[in-house]
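Chains, contacts and geometry: an overview
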Amino acid sequence: MTDYLDTPSGRRIAYNRLEGEGTGVVFLGGFMSDMAGTKAVALEQWAAAQGRPFLRFDYSGHGESAGEFRDGCIGDWAEDAQAVIEALTEGPQILVGSSMGGWISLLMCKGIPARVGGLVTIAAAPDFTEDGFWAGFDDTQRKALMDEGVVMVPSDYAEPYPITRRLIEDGRDQLILRSPLALPLPVRFLQGTADTSVSVETAMQLFDHAVGEDIRLTLVKGADHSFSTVECLKVIEAAIFDVLARI
């Protein structure tokens, strides 16, 4: 059943929370995705079978949460994530971040480290607003973005993405790969080799950049960006078990 949280920033966030015992798991979804996705629901079922607390939610402008997608930015969605973690969970959590959720979960590691006990990312996409969208725009698109405030970018998953000037400019304040990234906790990065949205090179860059004593990168040959096959879901579950065993 969907519940709602009114955050300190004044946004209304939809969430589903599973009660349980032990260290909880929080799923952070991707850009223009929602908490009804295959991975989020499958992990909730996995947690329920163990009697473990689990939380999934929609960022503002996503899914069942209030707001318009094009009004949001990485900073807003990170605030949403922090608000739900602080209000709806107790103690250190295992964050499972998919794509953009990987970036936001890394921001949580920096912003509220006491609430993050371990991290699993799936095709993490740190800095994608700068290294993906902005870097890929030609001069015409960049001018349109600055002059008109938005450009439409084709998507493999749905309608074209509205990429706004605010998204790009705010993204520059949230960059992860341009400054030291200390991760003194169990971290498991998962990446498919057939992912056409986030490259293996990006995964390697993040792996090389992060500093910590318990960081591993697992490449799954042939897995795509959704990472949602039965086999991939088992890889995610195994990574969470591995992290739980080390905290």
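Located above this text is the structure these notes cover.
Before going further, it helps to spend a moment on the layout of surface pockets. The volume enclosed by the second largest pocket comes to roughly 230 Å³. If you go around the second largest pocket, you meet 14 residues; those closest to its centre are Glu 19, Pro 53, Leu 88, Thr 89 and Glu 90. Elements represented by at least two residues in the lining of the second largest pocket include exactly β2 (12-18) and β4 (54-57). Each residue belonging to the lining of the second largest pocket can be placed in one class, and the counts come to six nonpolar, five polar and three charged.

What follows is about unusual backbone geometry. Although it is not a glycine, Met 32 adopts a positive phi angle of roughly 65 degrees. Secondary-structure assignment places Met 32 in the loop between β3 (25-28) and α1 (38-50). Of note in the backbone geometry, Phe 227 takes a positive phi value of approximately 50 degrees without being a glycine. Tracing the backbone through its elements, the reader meets Phe 227 in the loop between β12 (215-220) and α8 (230-244).

All right, on to the packing of aromatic side chains then. The full count for this structure, using the stated rule, is 13 aromatic pairs. With 5.3 Å between their ring centres and 75 degrees between their planes, Trp 46 and Phe 241 make a pair best called edge-to-face. Of the two residues, Trp 46 sits in helix α1 while Phe 241 sits in helix α8, which places them 195 residues apart along the sequence. Look at Trp 46 and you get buried, because its relative accessible area is 9%. Arranged with centres 6.4 Å apart and planes meeting at 80 degrees, the rings of Phe 133 and Tyr 161 form a pair that is edge-to-face. Here Tyr 161 lies in strand β8 (residues 161-164) and Phe 133 lies in helix α4 (residues 128-136), a separation of 28 residues in the sequence. Ring pairs connect the aromatic residues Phe 31, Phe 57, Tyr 59, Phe 69, Trp 77, Trp 103, Phe 128, Phe 133, Phe 137 and Tyr 161, which therefore count as one cluster. The ring of Trp 134 carries Arg 172 above its face, with NZ or CZ at 4.8 Å from the centroid.

Conventions used here
Residues numbered from 1 in each chain as written. Predicted model: local features only at pLDDT ≥ 70, side-chain atom pairs only at ≥ 80, totals over all residues. Heavy atoms only, no water. 1 Å grid on protein atoms, 1.4 Å probe; cavity = no way out; pocket = protein on both sides within 12 Å on 5 of 7 lines; lining within 4 Å. Points joined across faces, edges and corners; volume = space filled by probe spheres on them. Helix = DSSP H or I, 4+ residues; strand = E, 2+ residues; numbered from the N terminus. Nonpolar A, V, L, I, M, F, W, Y, C, P; charged D, E, K, R; others polar. Phe/Tyr/Trp six-rings, centres within 6.5 Å; stacked < 30°, edge-to-face > 60°. Buried < 20%, exposed > 50% of the residue type's maximum accessible area, 1.4 Å probe, protein only. Lys NZ or Arg CZ within 6 Å of the ring centre and 35° of its normal.

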